[in-house]
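# Results of the structural survey
Residue-level listing of the chains:
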Amino acid sequence: MEKRVTFKGWLLPLVLLTPQLLITAVFFFYPAGQAVWQSLFIPDPFGLKSQFVGLGNFEFLLNDPYYRASFATTAVFSISVTLVSMGVALFLALLADRLIKGSGAYRTLLIWPYAVAPAVAGVLWMFMFNNRVGVVAWYLGVLGYDWNHVLNGREAMGLVVVASSWGRISYNFLFFLAGLQAIPKSVIEAAAIDGARFWTRFRTIVWPLLSPTTFFLMVVNIVYAFFETFGVIHTITAGGPQQSTTILVYKVYADGFVGQDLGSSAAQSVILLIVVGLLTVVQFRFVERRVHY
Amino acid sequence: MSGMVEKRGAAHWFTHLGMILGVVIIGFPIWLAFVASTVSQPEIVQPPMPVWPGDQLVENYAKALLSGVNVPVARMLFNSGVMALGIALGKISISLLSAFAIVYFRFPGRLVFFWLIFITLMLPVEVRIVPTYEVAARLGLLNSYPGLILPLIASATATFLFRQFFMTVPDELAEAARVDGARPMRFFIDILMPMSRTNMAALFVILFIYGWNQYLWPLLITTDPEMNTIVMGIRQMFPSGDDIADWPVIMATAILAMLPPVIVVITMQKLFIRGLVESEK
C-alpha cells in the first residue's frame, strides 16, 4: 500500500523519524544485540572478563533439567490460563449475547478488571488464599481441606493460573461478544425454525463462524501468559515452591538479577526472542488472512 | 426488536442469573480487598474477616497515603502518574511524527527505516531485560523518570496504528494542501492531527493503562523507595520473614493502585474498546 500524493524532501522526514529511531536504537536494538552477544560468553565471577563459549550456554540450557522443567511449567501455565480465561469469557459472552436489553450494563460490570494490573491481581488473590488470613483458605479449612500454596506446588500453580486468568476474562469477553454480535441473527433464527436446539446451533453455526476470533484470542492469550504475568508470579509465589511456578520469563529475571548468571540469562532471552518471533509470524499470517476474507 | 430464539420465560431468567453470578464472582476479589481496607488489623488476622465494610476507611487510607510502609503511597501514586502519562504522551508523539514521515514522504532508505521500526512490534521489554537494564544504568537513568519511561516507548505498535489510519485519509486532502502551497508541517498540524483526534484518544487510554500497570521494569530500575511506582511498590510493603503484614494499609494501597486505570476504562469505555480492537488489529 502506497500513497499517491506525497511531499518532497528527504531532510524533514529524517528529522521526524529521529526521535523514534534514537529511542529504538538505544533501548531496543542495542539491548537485543547485547543479549545475542552475551549469550555466547560466560563472564568470570568478578565480571572482569568473559570467556567465549559459542553455543555452550544454549547447549547447557537445553540439557539443564531446571530449564526443561521451566519450559514444561510455562506450557502448562499458559495453556491453562488460555483455556480458563477463554472458557469463562465465552460462556459469559454467550449469555450476554442472548439478552436483548442490558448487555451493555453487564459489559460495563465485566470489563473493568482488565484495568487491574497483574501484580495487583496477584496481591488480591494471594490475600484470599493466604494461609494465615485468607478468607477462601479459611473456609476451605472448615470444609476439611488444608490449603497451603506456599508448600504445595500444584496449589501454587492453580492459584497463579486463576489470578492470571481473572483480569483476562474481561478482554476475551469483549472480543467474544463482538464476534457473536457480528453473526447475523437471521442465520441463527433460521436454524431455530428448523428445530435446531441451542447446543446444535452452537456447534454447527456459532462456533465455526466464531473461529477467527477464537484463534486470534488464543495467540494473544498465549503471548499474555508468556510475558505479562511476571507480576502475578512475583507477588504470589516468587517462582516457588521448588520452582514449580518458575515460568521462562521469571527464570530470565531470577537467573539474571538474582543469580547473576548473565550468560545463561542472555541465552534464555535469545530463546524467548525466537519464541516471540514465531508467535508474531503466526499472528501476522493469520491477520493477513483475515484482512483478505 | 425481539428475536424469536428462546428469550422468554425460564431461559431468560437463567441468562440473567448466569450473568449476575459471573459479575459477582469476578467482582469478589475486589470487594474483599475493599472491605479489608476499611477494617482494623485485628479483624483481619483472626479469620474469617468480615464480609461488610468496617469503620476504619478514613484511618487506613490516610495512613497509606501519608505514611505508607516504606514511602507514602501519595508519592508512589505521583510517580505512577508521571510514568503512565509520560509513556502515553511520549509514545503518541514520536509515533505520530514517524508515521507521518513514512506515509507522506519518499526518501532514500525509507523501506529500511520502515522495517527497522516494525521489527520491534510485539517484543516486550521482559525479553531483553538484562541488557536494557545495563543500558539504562550506563546512561545514569536508574531512579529517574526518563529511566522509567523511555525504554517502554521503544516499540512500534502506535506507529503501526497511525500508519494504518493515515493510509485511509483521502489523497485529495494532501493534494489540496500541496496545491495551496502549504508546507508539509502545516498539513500535518492543521489537517492530519485534528483528523487523528479520536485515534489519539483511544490510544491514550490503552497506553495509560499499559504504563500504569508496569511491574518488572520499575522493580528493576527504582531502587530508591522515593521513586517506586504504586503497582510495584505494593509488593515492597510486605515484611520479609515472619512479621505480619499491615493488611488494611496494603489493601488500601491495592485499591488506590487500581483506581486510576479503572476510572479511565469506565468513563472512557467507548474509546477504550475502540483502542483495544485497533491496537490488536
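Above: the structure in question.
Description of the structure in this document. Remember, it's a predicted structure, so these values are computed and weren't measured experimentally.

## A few points about the overall build of chain B
- The secondary structure content of chain B amounts to 15 helices and 0 strands.
- For 281 residues, the compact-globule estimate of 2.2 N^0.38 gives 19 Å, and chain B exceeds it by more than 25% at 24 Å.
- In terms of overall dimensions, chain B has C-alpha extents of about 75 × 65 × 30 Å along its principal axes.
- Within chain B, the proportion of its 281 residues that are buried is 55%.
- Long-range contacts, defined as pairs at least 24 residues apart, comprise 73% of the intrachain contacts of chain B with a sequence gap of at least 6.
- In chain B, the 18 positive side-chain charges and the 18 negative ones have mean positions that sit 13 Å from each other.

## Brief notes about the overall build of chain A
- When its secondary structure is counted, chain A shows 12 helices and 2 strands.
- Going from N to C terminus, chain A has its helices and strands arranged as α-β-β-α-α-α-α-α-α-α-α-α-α-α.
- The C-alpha atoms of chain A give a radius of gyration of 24 Å, which is well past the 19 Å a tight globule of 293 residues would have.
- Taken over the C-alpha atoms alone, chain A extends approximately 75 × 75 × 30 Å along its principal axes.
- Residue burial in chain A is summarised as follows: out of 293 residues, 55% are buried.
- By sequence separation, contacts in chain A at least 24 residues apart represent 67% of the contacts at least 6 residues apart.
- About 13,600 Å² of surface is accessible on chain A, with carbon and sulfur atoms providing 67% of the total.
- Once the 19 positive and 13 negative side-chain charges of chain A are each reduced to a mean point, those two points are 12 Å apart.

## Let's talk about the packing of helix α3 (residues 65-98) of chain A against helix α7 (residues 153-181) of chain A
Residues and elements named next belong to chain A.
- At their nearest, the axes of α3 and α7 sit 6 Å apart, and the two run at 40 degrees to each other. Taken together, α3 and α7 sit at an angle that is classed as oblique. As α3 packs across α7, the resulting crossing turns out to be right-handed.
- Classifying every residue of the contact of α3 with α7 by side-chain character gives 20 nonpolar, 7 polar and 2 charged.

## Considerations on the pattern of salt bridges
Residues and elements named next belong to chain B.
- Throughout the structure, instances matching the rule amount to 6 salt bridges over all chains.
- For the salt bridge of aspartate 246 with lysine 63, the shortest nitrogen-to-oxygen distance reads 2.7 Å. One end of the pair, aspartate 246, is in the loop between α13 (230-236) and α14 (247-267); the other, lysine 63, is in helix α3 (residues 57-66), with 183 residues separating them in the sequence.
- Linking aspartate 190 and arginine 186 is a salt bridge whose minimum nitrogen-to-oxygen distance equals 2.9 Å. Taken together, the residues span about one helical turn, with aspartate 190 and arginine 186 both in helix α10 (residues 184-195) at a distance of 4 residues.

## Considering the interface of chain B and chain A
- With 114 residues of chain B in contact, the opposing surface of chain A contributes 98 residues.
- Interface area, chain B with chain A, both sides summed: about 10,200 Å², of which 76% is carbon and sulfur.
- Linking chain B with chain A are 0 salt bridges, by the criterion used here.
- Taken together, chain B and chain A are joined by 14 residue pairs in polar contact (both at pLDDT 80 or more).
- If one sorts the elements of the side of chain B that touches chain A by residue count, helix α1 (residues 9-36) of chain B sits on top with 16 residues.
- Grouping the amino acids of the side of chain B that touches chain A by side-chain chemistry returns 83 nonpolar, 14 polar and 17 charged.

## Quick look at the environment of tryptophan 31 of chain B
Residues and elements named next belong to chain B.
- Inspection of the secondary structure assignment puts tryptophan 31 in helix α1.
- We classify tryptophan 31 as partly exposed; its relative accessible area is 32%.
- C-alpha separation for the pair tryptophan 31 and threonine 159, spaced 128 residues apart in sequence, amounts to 39 Å.
- Excluding residues that lie within four positions of it along the chain, tryptophan 31 makes contacts with Val51, Trp52 and Pro53.

## Side note on a nonpolar patch on the surface
Residues and elements named next belong to chain B.
- Side chains of Phe28, Trp31, Val51 and Trp52 sit close together on the surface and give an oily, nonpolar patch of about 420 Å² of accessible area.
- Residue placement: valine 51 occurs in the loop between α2 (41-45) and α3.
- Among the residues examined, valine 51 registers a relative accessible area of 43% and is labelled partly exposed.

## Looking at the packing of α1 of chain B against α14 of chain B
All names here are of chain B.
- Packing of α1 against α14 leaves a shortest axis separation of 7 Å and a crossing angle of 130 degrees. In terms of orientation, α1 and α14 fall into the oblique class. Crossing geometry of α1 relative to α14 is assigned as left-handed. Together, Ile30, Ala33, Phe34 and Ala36 of α1 and Pro248, Met251, Ile255 and Met258 of α14 make up the contact between the two elements.
- Grouping the amino acids of the contact of α1 with α14 by side-chain chemistry returns 8 nonpolar, no polar and no charged.

What counts as what
Residues numbered from 1 in each chain as written. Chains lettered and ligands numbered in written order. Predicted model: local features only at pLDDT ≥ 70, side-chain atom pairs only at ≥ 80, totals over all residues. Heavy atoms only, no water. Helix = DSSP H or I, 4+ residues; strand = E, 2+ residues; numbered from the N terminus. Rg over C-alpha atoms; globule rule 2.2 N^0.38 Å. Buried < 20%, exposed > 50% of the residue type's maximum accessible area, 1.4 Å probe, protein only. Contact = heavy atoms within 4.5 Å. Lys, Arg positive; Asp, Glu negative; His and termini not counted. Charge placed at Lys NZ, Arg CZ, Asp CG, Glu CD. Areas by Shrake-Rupley, 256 points an atom, 1.4 Å probe, with all protein chains shown as cover. Axes fitted to C-alpha atoms, helices over the stretch in contact; angles between N-to-C directions. Parallel < 35°, antiparallel > 145°, perpendicular 65-115°, else oblique. Left-handed = near helix turned anticlockwise from the far one by under 90°. Nonpolar A, V, L, I, M, F, W, Y, C, P; charged D, E, K, R; others polar. Salt bridge = Lys/Arg side-chain N within 4 Å of Asp/Glu carboxyl O. Buried area = accessible area lost by both parts, 1.4 Å probe. Polar contact = N/O pair within 3.5 Å; in protein donor to acceptor, adjacent residues only side chain to side chain. Patch = residues over 30% accessible without salt bridge, like charges linked within 9 Å, V, L, I, M, F, W, Y side chains within 5 Å.

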